[in-house]
Amino acid sequence: MEKITRSVVKKDHAPKISGHSVYVADYPAEGVLCGKLLHANIARAKVLRVETPELPEGYFYVDAKDVPGDNNVNIVLDDTPVYCRGTVEYIGEPIAMLCGPDEAVVTRLRDACKVEYEELEPALDLRKATETFFDYRFGHGDVDKAFSEADRVYDEEFETGYQEQAYLETQGMMAEPEENGRMFVHGSSQCVYYIHGAVMRALGCGPDGVRVLQDVTGGGFGGKEDFPSILGCQVAVAARKCGKAVRCVLDRREDMEYTSKRHPSLCRYKVAVRDGKVTAMDIDVTLNAGAYSTLSAVVLQRGIIAAPGVYNVPNLRVHGRALKTNTAPCGAFRGFGAPQTFFAVEMMMDHIARDLGVEPLSFKEAHLVRQGDFTSTCGRYHFPVPLPAMIDKIDKACDYRKKRAEYAKPQTGRYRRGIGMSLCFHGAGFTGSGERDLIKAVAKLRKYRDGTVEILASNGDIGQGVRTTFPKIVAHELNLPLDKVYYQHPDTARVPDSGPTVASRSLMVVGELLRRAAIRLREQWADGEEQEVEERFKEPDFIIPFHIDKFEGDAYPTYAWAVNAIELEIDTYTGVAKALGAYGAFDVGTPVDYNVVMGQMEGGFLQGIGYASMEQMNYDDKGRIRNNSFSDYLIPTAKDVPNLYCTLHVEKYPDGPYGAKGAGELPLVGAPGAYLSAVEQALDGVALHHVPFTAEDTLSVMTKEAV
Ligand code: MOS
């Protein structure tokens, strides 16, 4: 094991374990007003009037009229209002915030507000939705010709549901007017500079008018990529009006019903096969974006680029759309559009193989991309594709091929078994030229006279460990003990913009900037002096420039790879599937800390199994989400998959620190395909098309079969 891989105690281990970490909800309440949002309770309506109760001294009602700048939150397009602009577009849309010193009084005032609506017809059914936020097409080759020459054509549709990030700490932001007129905004978040840009715009001030700090954050998983910008604007506007600090922390029900989730999807795959090989795919991807566009453009881009999976498809046509429905806006969630399409393509390949009488794994192996091959967007897989070796590793770990053959034999008892495998990648870092053209990351090291070194960057630790791994890299290059290098929570008043904490980019992109900065600092090290070194992102030379208008070029500099197998046993009396084992081989390049990386792999894999099997969230015919608590929305625990085996394969990426690639999202992406393939086998080879696939779904399949 390389030295850098050897695990250390995480820098935030002790305060978190002891309970000393201060989350946004933990700051003393003295002098801070409590903010409670008044949410719309109709999916689509004109707001005619809000009748507010009489406000006691020191209590405030804040709405769109109080926004000093632009009442639009800066995200990608800026269609999300800070406070409702006259019509509400989903249940939960914030109409106003009630603020005051006593939480119980604020809640009572908020609940006493009467909103008079003129109801409008909401769009709730994705299949009938008519308003398109984003519509992309790309492809290559001659798809029509391939279909006309095919000896078999397959046409199937796959559906995925919501997934709630279910971070332990709910969304919460706080704004404090500073004496110098600056607005200080802090809270649970992933992207301090996103919030900074959004609040500047809402307050109508310059960059110096806002300061944003990340507080200790109890999990994000993507859920704190865009939402904190919205809530941050709301508390900042409220604090500006009240002239006092305002804090708004959502309760679990608000958080689950009204904040961003993974986009539900419909994916239709038409596949041409000739002489036992896939010759063309014609893919149609539809995402349910919810009421505002927020991050849907970029989620959709990643999803459709991944749509043909890890396979060579000589003729490809992809059409992707993100449609508006009158539901809470969907946003980022670990995998960012890719889990939806990888699920579809993996099931599709399984189904085709079985129809052809070929073992799915062999069929997939015959189509695998290799180093040097074109990607779906005519970029290149510049680096080795280690899938064959990883398949071997998993086969050895769980006897995959043998079990697969054994469980394929007819099963008749109460308990029936199945095992499934999926193959996937995750494009490391931002899609396309985002890193080069939009983010332009800058990171700094500051050495103090006493020889300690501070890292200045904007990436937040959301549990994934950058507070430890960044210092590890710098300490390693400077030959310093780890406690001489530190990384505080990013504060825009002190750190440059090294970009957001998203897209599995922090360690790979910013970690590399820090490594280079550390090498330069080492070279110019002068004892007893204060020194500063800065590094800026430079796109690697090998990149084929990406053109988003044509979806052409390298969408990602490199890829992380995964092979997952899941073995389960279904109780045909209850429909309950028990995971006998989940096996994952992951290539995320060099692990910069073994335990940190394994924590990501195990947690992400389990989160993906939850997505596939039990995490059910639906809205009713009024557009209201019903599963708004942890008793109605189940997520897996260690008990659900006791035998979780993860192993690493290392293909070094030359432009990541010590060969590290993006790691955070990959482990979730492949789980649904492996899971459902195992369910299909246990259920006698039935073809299934949706996740989550719950015990109820199993029973309904079995009942249908019995009829
Ligand atoms: Mo992440 S899902 O790119 O916040």
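Predicted, not measured: the structure shown is a model, and the values here were computed from it. (Residues numbered from 1 in each chain as written. Predicted model: local features only at pLDDT ≥ 70, side-chain atom pairs only at ≥ 80, totals over all residues. Heavy atoms only, no water.)

Undergrad: Got a minute to help me understand the sheet that holds strand β7 (residues 94–100) in this structure?
TA: Within a sheet, each strand pairs with its neighbour through backbone hydrogen bonds, oriented either parallel or antiparallel. An order of β3-β7-β1-β14-β11-β12-β13 is seen for the seven strands of this open sheet, with the pairing classed as mixed. The open sheet terminates on both sides in strands that have one partner only, identified here as β3 (60–63) and β13 (210–214). Adjacent strand axes in the sheet meet at a mean angle of 25° when their direction is disregarded. Where strand β1 (residues 32–39) and strand β14 (residues 245–249) come together, three bridges link them in parallel fashion. (Pairing = 2+ DSSP bridges. Helix = DSSP H or I, 4+ residues; strand = E, 2+ residues; numbered from the N terminus. Axes fitted to C-alpha atoms, helices over the stretch in contact; angles between N-to-C directions.)

Undergrad: Before we go on, may I ask you to explain unusual backbone geometry in this structure?
TA: Across residues other than glycine, the phi torsion is negative in most instances, and most of the peptide bonds are trans. The step from Val691 to Pro692 runs through a cis peptide bond, and the omega angle for that step is 0°. Within the secondary structure, Pro692 is located in the loop between β26 (690–691) and α18 (695–706). Positioned with a positive phi, Asp275 is a non-glycine residue whose angle comes to about 50°. Asp275 sits in the exposed class, given a relative accessible area of 64%. The backbone of Tyr658 shows a phi angle near 60°, a positive value even though the residue is not glycine. Within the secondary structure layout, Tyr658 lies in the loop between β25 (644–648) and α16 (666–669). A relative accessible area of 16% means that Tyr658 is categorised as buried. (Buried < 20%, exposed > 50% of the residue type's maximum accessible area, 1.4 Å probe, protein only.)

Undergrad: When you look at the nonpolar core in this model, what are you seeing that I'm missing?
TA: The nonpolar side chains of soluble globular proteins are, as a tendency, buried together. Formed by 144 residues in total, the largest nonpolar core has its most connected members in Met97, Tyr269, Met281 and Trp561. Taken together, domain 1 (24–122 + 165–258) and domain 2 (337–431 + 553–706) each give at least three residues to this core, which thus spans both. Among the nonpolar cores identified, the runner-up in size contains 31 residues, and Ala441, Leu445, Ile455 and Ala518 belong to it. (Core = buried A, V, L, I, M, F, W, Y, C linked by side-chain atoms within 4.5 Å. Domains from an automatic or database assignment.)

Undergrad: Any chance you could explain the side chain of Arg505 here in plain terms?
TA: Turning to its location among the elements, Arg505 is positioned in the loop between β21 (485–486) and α14 (506–524). Look at Arg505 and you get buried, because its relative accessible area is 0%. A polar side-chain atom of Arg505 sits 2.9 Å from the main-chain carbonyl oxygen of Ser498. Those residues in contact with Arg505, other than ones at most four positions away along the chain, are Gly429, Phe430, Glu435, Ile439, Ala441, Asn459, Ser498, Gly499, Pro500 and Val510. (Polar contact = N/O pair within 3.5 Å; in protein donor to acceptor, adjacent residues only side chain to side chain. Contact = heavy atoms within 4.5 Å.)

Undergrad: I tried to follow the pattern of salt bridges on my own but got confused; where do I start?
TA: When charged atoms on two side chains of opposite charge get close, those side chains can pair. Per the counting criterion, the structure on display carries 53 salt bridges. One salt bridge connects Asp63 with Lys65, and the closest N-O pair in it is separated by 3.2 Å. Note on Lys65: relative accessible area 73%, which makes it exposed. In this structure, Arg436 engages Asp437 in a salt bridge whose closest nitrogen and oxygen atoms are separated by 2.8 Å. (Salt bridge = Lys/Arg side-chain N within 4 Å of Asp/Glu carboxyl O.)

Undergrad: Please explain the packing of helix α8 (residues 338–356) against helix α17 (residues 671–682) as it appears in this structure.
TA: Geometry of a packed helix pair, given as the angle between the helix axes and the separation of the axes. Interaxial distance between α8 and α17 falls to 8 Å at its minimum, and their mutual angle equals 35°. Here the hand of the crossing between α8 and α17 comes out right-handed. Facing α8, whose interface residues are Phe343, Glu346, Met347, Asp350, His351 and Arg354, α17 presents Pro672, Gly673, Leu676, Ser677 and Glu680. Class assignment of the residues belonging to the contact of α8 with α17 gives a composition of four nonpolar, three polar and four charged. (Left-handed = near helix turned anticlockwise from the far one by under 90°. Nonpolar A, V, L, I, M, F, W, Y, C, P; charged D, E, K, R; others polar.)

Undergrad: Before we go on, may I ask you to explain the sheet that holds strand β23 (residues 559–571) in this structure?
TA: Read across the sheet, four strands follow the order β18-β23-β24-β25 without closing on themselves; strand pairing throughout is mixed. Among the strands making up the open sheet, the edge pair consists of β18 (415–427) and β25. Direction aside, neighbouring strands of the sheet carry axes that sit 10° apart on average. Sheet strands in contact with helix α11 (residues 400–407) are β18 and β23, and its direction is about 135° off that of β18.

Undergrad: Sorry, what's going on with the packing of helix α4 (residues 192–203) against helix α5 (residues 227–242) here?
TA: Here α4 crosses α5 at 40°, and the two axes come no closer than 9 Å. Taken as axis vectors, α4 and α5 run oblique relative to one another. Judged by the sense of rotation from one axis to the other, the crossing of α4 with α5 is right-handed. Across from Tyr194, Ile195, Ala198, Val199, Ala202 and Leu203 in α4, the residues of α5 making contact are Pro228, Ser229, Gly232, Cys233, Ala236, Val237 and Arg240. For the contact of α4 with α5, the residue count by class is 10 nonpolar, two polar and one charged. (Parallel < 35°, antiparallel > 145°, perpendicular 65-115°, else oblique.)

Undergrad: Looking at this structure, how should I read the domain arrangement of the protein?
TA: Quite often, the size of an interface is put as the accessible area lost when its parts meet. For the protein, the assigned domains are domain 1 (24–122 + 165–258), domain 2 (337–431 + 553–706) and domain 3 (434–536). Measuring from the centre of the C-alpha atoms in domain 2 to the corresponding centre in domain 3 gives 34 Å. At the interface, 22 residues of domain 2 touch 20 residues of domain 3. At the surface where domain 2 touches domain 3, the tally comes to one salt bridge. For the interface between domain 2 and domain 3, the tally reads seven residue pairs in polar contact (both at pLDDT 80 or more). Considering only residue class, the side of domain 2 that touches domain 3 consists of 10 nonpolar, eight polar and four charged.

Undergrad: Looking at this structure, how should I read the packing of aromatic side chains?
TA: How two aromatic rings sit relative to each other is set out by the distance from centre to centre and by the angle between their planes. For the structure shown, the criterion picks out 23 aromatic pairs. Centre to centre, the rings of Phe138 and Phe551 are 5.1 Å apart; their planes meet at 15°, and the pair counts as stacked. One end of the pair, Phe138, is in strand β9 (residues 132–140); the other, Phe551, is in the loop between β22 (531–536) and β23, and 413 residues separate them in sequence. Just as Phe138 is buried, Phe551 falls in that class too. When the centroid spacing of 6.1 Å and the interplanar angle of 85° are considered together, the rings of Phe158 and Phe343 count as edge-to-face. Pair noted here: Phe158 is in strand β10 (residues 152–160) and Phe343 is in helix α8, with a separation of 185 residues, a long-range link. No difference in accessibility class separates Phe158 from Phe343, as the two residues are buried. Ring-pair connections join several aromatic residues into one group, and the members of that group are Phe133, Phe134, Tyr136, Phe138, Phe546 and Phe551. Over the ring of Phe333 we find Arg262; its NZ or CZ atom is 4.3 Å from the centre of that ring. (Phe/Tyr/Trp six-rings, centres within 6.5 Å; stacked < 30°, edge-to-face > 60°. Lys NZ or Arg CZ within 6 Å of the ring centre and 35° of its normal.)

Undergrad: Explanation requested: α5 in the structure shown.
TA: Spacing of three or four residues puts side chains on the same side of an α-helix, whose turn is 3.6 residues. In a regular helix each residue adds 1.5 Å, so 16 residues correspond to 22 Å; α5 covers 23 Å between its end C-alpha atoms and thus fits that length. Of all 16 residues in α5, 14 are buried; the element is thus mostly enclosed. Where α5 terminates, the next one or two residues include Gly243, which has phi positive at roughly 70°. (Expected span 1.5 Å × (residues − 1).)

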